Every structure is written in structure tokens, then in C-alpha cells.
Amino acid sequence: MGYAAEVISLDEVRASQQRQLLRQQLRKRFDQWLDELETQLAGPKPTLAQVSETIWTLRQSLTAGMAQTIVEQTYQAEREQKSLRCATCQRLLKARPLVSRAARTLIGDVEIKRPYFYCRHCRLGTYPLDAGLGLNSGQIQLDVQQAAIDLATEVAYETASSLFGRLSGIAVSSERLHTFTNEVAEGLSVLDIAPSRAEMDQRVAKVASGRFRRPVMVLGIDGTYVPSRPEQARGRRPGQARYRARRARWRHDWYEAKGFRFYLLDGDRLVHLLSWHQVQSEDELGKALKQVKDAGLIPEETVRLCVVGDGADWIWKHVQALFPDACQVLDYYHCSEYLYKMAYTQYGQTLPALEWVESTLTRLYLGQVGAVLGGLRRMLPTSEEAAKAIDNCWVHLRKHRSRTHYGKFRRGGYPLGSGGIESSNKFICHVRLKRSGAWWYEASSNQMLALRCAKYNGTFNQVFVRYRHEKLGA
Ligand SMILES: [Zn+2]
């Protein structure tokens, strides 16, 4: 007992000596920094702006210097390591002289000197300290990457690069930023950017508390067009380089980004849960939706699930297959647009046209879709075109008849429109992708969309944890 206590106290003494030593070294660094500051501030009395600017300019040499001192002190043994067994052939390798490298972090460029080991037999070199420190293989470290990507998912790469440089004092070129974004977002699936079930439950519980009825969870599904460039625009054929300045040989295009969004209704407020938007086929969207369901992320027992969509068949196909018990609502706005189109064809842009649409919407509101269908059947078409429009309208309404009981939906607290998914289209897709002169490759737009979804889903950090594991594990 007494012996163990002695050992511990000896360790403690050693630890305390180490701490003292580190403090001394840090103070020495700080003193050097103060000298520099003093020199810079010498002369007439500075204004606050001048003091602030001087410290701002010098701050990274202080913060990065501190980090360097801490690393050197903490990893002294590793820095002095003399030999290492080759991981492949087990030969004993002798340390080569220390090699210095810079690690660009949010507090500045930290210089790291570490021994190098090289096995001539296996032709493999290694810096064991890099792994110990969890260093990124490139100069720019993950903290910088995450902060810069945070910015690049909001504004154009060029702007992000210059803003980031100005605000942090750390240089990351827009090309690098582009590469980082691609690397981090590579292969992200809906489950990588989805909140956990626990998180979902928490958000549901918050809305449910003090309520008599289970909260309404809405699933909106919709597509929106984003500026795209075809794959063949990528790369140049050999010999073409000197024609590069010429006009691009591809024509821009608009691809449909299909997406879904789960959210809760909390009075007039909308509580976001999960968005997933990608340039993808309806089949891929269906698969993503199924992944979400199969992962058990949707607490179907504690909410009243409701799906809002326009008339597109693919939407209802997936809903029917995955959430057959959900309340299905045909977007009211979409429905009224449909009716207007028909009425204008039948009556022209006249008062009777407006009256017909209004009374039809009222009937639908009252759940009298049967009467509306009967009325359409009895309507005498004013032209061949009108006959076709009336027929289309009848087919459309009949197909969606159970989805048009707007009065009932309203009484149940369900939404009548797909405003939730439309705003998600806007703030996730349009805000970043629709910029003058920007045309996105499908892969790039999907990577950007995945990151932006992660942001709104509250899983941006989680994406970087995954990336860190992959990158450092590799
Ligand atoms: Zn070897």
C-alpha cells in the first residue's frame, strides 16, 4: 500500500515537473511574442484600431507557436525516438534526421518536426508521430477544412475562399475548397446525413408535449430544376488545350433534383426533421425513402403521418408502397392550378371561369369530390380542346379523389399545401446551386446538396466525424 502510494507520488512529481517545464517554455514564447508586439507598436500612441490590427496580424504566430511548444513538449519521447521496427518486414530501422512540416490549423500554421524512418528493403517510409498527432496527410488540417466547407456550402467557392481568408487569416484556395468539398461529400447517403431516431424522437416529443392529439408529421415530395452541365463537358481531349479560351462546347441544361422532406407542424411553425435532395431518378428517391423507413427513423407510432405532393404518379407510388397508412393530400395549390387551366380552356379568361374554379374548390373543400366529378361529366365542352381538358381534369381528380378532402384535412390539422417541401427546394437547392454562370456536374451538385441537407438536418458535424474516421483510418 505504502509502496504503491510512493510510486504514484513519484509519477505525480514527474508530471508536475513536466507541467512546470511546459509553462516555462510557453511563457518564453509569449515573451518573444510580446517583444515583437512592442516593436510593432513602437512610435506615437496608437489608436485602438491600430492596436487591434497589430494584434490581429500577429496573433497566429502566438497561437500556432503555443501549439507547437505544447506538441514538442508532449511528444518529446516520440521526437527523440531512435529506432522503429518496419511494420512490413520487422527489420530495425534507424531514425533519420528530423523533418519539418507545417500543419495549417484554425490557429495558424503549426510547425512540426518529427523523425523519419525508411525501410530500404520494403521501400516504405513513415513518420510515426504524424499518426500519433492525427495529422491530415495534406498541409491543411480537418478543422480548417470543416470551417471552410461550412462557408463554401453557403456561397460560391471563390467568395468562400476570399471571405475565409479575410475572416480567419488562413489561406485556402477555391480549387482546394472545391476538392475538399468533393472529398468530404463523396459517397454520402441519406443515412449519413439523417438525424438519429433518438434525435427525431426528441423533436417529436417537444412538439407533442401538452397536446391532446399526436403531432402531424408531414412528408413532402417534389422535384425542382437545378442548373447542370452534361458529363461530356468534363476534361479536355488531348491537343485541345490551346483552344481552351474558346466558348465551352457543351450546352447548359436543367436537371431535376428530386427530394423529400420530413417536418412537424407546430401550430403555424414548421419543425424541420430531415431533408434529402439529389439529382436522381424517381427510383433512387424511392430507395432513399425506403432506407429511411427501414432504418426505423420515422416514429410512425407517435405521430400522424401525412404526405403532400402534386399529381406526379411516381410520388404516390412510393408513398403507397412505404407509408400506406399515411394521410395523403394532393397539394391544394397544384389542384387549383389544374382547375384554372381547365376552366380557361372551357370558358376563356372570363368571370364564369373564375366562378367555376371557386365553386369547385369549395366543393372539394367540403369533401364533395363526387359532385365535382359528376359536374365535369355533364359539362358541355365549348371546343374540341375543351373536351380534352375536361376529360383530363376528370381523370386527374378521379385518380386523386381521396386526396382532395381539404376541409377534412384542415379539421384534422393536416397541411393542404406542399409549402414545406417547396421552401426546402429553395433553401437547400436554389440558394447555393442557382448562381449566375454556375452550371453543375451531376456529381458535384449532389455532393453540395448532400452537405446542405446535412446542415439543415443538424448533422453537418456528424459528416465530418465520419470523414475523419475514414481519412485517418485509411
Ligand atoms: Zn521493411
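Each remark here, short or long, concerns the structure printed above.
Conventions we followed
- Residues numbered from 1 in each chain as written.
- Predicted model: local features only at pLDDT ≥ 70, side-chain atom pairs only at ≥ 80, totals over all residues.
- Heavy atoms only, no water.
- Helix = DSSP H or I, 4+ residues; strand = E, 2+ residues; numbered from the N terminus.
- Buried < 20%, exposed > 50% of the residue type's maximum accessible area, 1.4 Å probe, protein only.
- Polar contact = N/O pair within 3.5 Å; in protein donor to acceptor, adjacent residues only side chain to side chain.
- Contact = heavy atoms within 4.5 Å.
- Donors = N, O, S within 2.8 Å, 3.2 Å for Na, K, Ca; no water.
- Tetrahedral: all angles 85-135°; square planar, octahedral: opposite > 155°, others 65-115°.
- Core = buried A, V, L, I, M, F, W, Y, C linked by side-chain atoms within 4.5 Å.
- Pairing = 2+ DSSP bridges.
- Axes fitted to C-alpha atoms, helices over the stretch in contact; angles between N-to-C directions.

*Asks:* Describe the side chain of Lys 258, and please don't skip the residues or the numbers.
*Replies:* Along the polypeptide, Lys 258 turns up in strand S7 (residues 253–266). In this structure Lys 258 comes out as buried when scored by relative accessible area, which is 10%. Among the polar contacts made by the side chain of Lys 258, one reaches the side chain of Glu 256 at a distance of 3.0 Å. Contact partners of Lys 258, with chain neighbours within four places excluded, come to Asp 222, Gly 223, Trp 276, His 277, Gln 278, Gln 280, Ser 281, Glu 282, Leu 285 and Trp 314.

*Asks:* Describe the coordination of the zinc ion, and please don't skip the residues or the numbers.
*Replies:* Protein coordination at the zinc ion: the donors are Cys 86 (SG), Cys 89 (SG), Cys 119 (SG) and Cys 122 (SG), at 2.3 Å from the metal. With 4 donor atoms in place around the zinc ion and angles of 106 to 114° between them, the coordination shape is tetrahedral. All donors of the zinc ion come from a single chain, and their spacing in sequence reads C-x2-C-x29-C-x2-C. Placement of Cys 89 in the loop between strand S1 (83–85) and strand S2 (92–94) and of Cys 119 in strand S4 (residues 108–119) is noted, with a sequence separation of 30 residues between them. A residue is classified by how much of its surface remains accessible, and Cys 89, at 24% relative accessible area, is partly exposed.

*Asks:* Account for the nonpolar core, naming residues and giving values.
*Replies:* Soluble globular proteins: nonpolar side chains tend toward being buried together. Membership of the largest hydrophobic core comes to 66 residues, with the highest contact counts inside it found for Ile 193, Met 217, Ile 221, Phe 260, Phe 262 and Phe 323. At 6 residues, the largest contribution of residues to this core is made by helix H18 (residues 442–457). Not counting residues within four places of it along the chain, the set of residues in contact with Phe 262 comprises Met 217, Val 218, Leu 219, His 272, Leu 273, Leu 274, Leu 289, Val 292, Ile 298, Leu 305 and Phe 323. Among the nonpolar cores identified, the runner-up in size contains 31 residues, and Val 218, Cys 335, Leu 397 and Tyr 406 belong to it.

*Asks:* So what's going on with the environment of Asp 109? Which residues, and what values?
*Replies:* Its place among the elements puts Asp 109 in strand S4. Overall, the relative accessible area of 38% leaves Asp 109 in the partly exposed class. Sequence separation of Asp 109 and Val 329 is 220 residues, and the distance between their C-alpha atoms is 56 Å. Leave out the neighbours within four places in its chain, and Asp 109 touches Ala 64, Ala 103, Arg 104 and Gln 139. A polar side-chain atom of Asp 109 sits 2.9 Å from a polar atom in the side chain of Arg 104.

*Asks:* Any chance you could break down the sheet that holds strand S6 (residues 216–228) for me, citing the residues and the numbers?
*Replies:* The 5 strands lie next to each other as S8-S7-S6-S9-S10, forming an open sheet whose pairing is mixed. With one partner strand each, in any of the chains shown, strand S8 (269–279) and strand S10 (327–330) form the two edges of the open sheet. Going across the sheet, the axis of each strand differs from the next one's by a mean of 25°, ignoring polarity. Bridge count between S7 and S8: 10 bridges; the pairing is antiparallel. The residue of S8 that forms the bridge with Ala 257 is Val 279. Against the sheet, helix H10 (residues 282–294) touches S6, S7 and S8, its axis set at about 25° to S7. With respect to the sheet, helix H11 (residues 313–322) is in contact with S6, S7, strand S9 (304–309) and S10, its orientation differing from that of S10 by roughly 175°.

*Asks:* Go over the pairing of S6 with me, naming the residues and quoting the values.
*Replies:* Within a regular beta strand, the side chains point alternately toward one face of the sheet and then the other, so they alternate between its two faces. The buried fraction of S6 is high, at 12 of 13 residues. Pairing of S6 with S9, which is carried by 5 bridges, proceeds in the parallel orientation. Bridge assignment links Leu 219 to a residue of S9, and that residue is Val 307. One ladder, built from 12 bridges, connects S6 with S7; its direction is antiparallel. Residue pairing for S7: Gly 220 is matched across the bridge by Arg 261.

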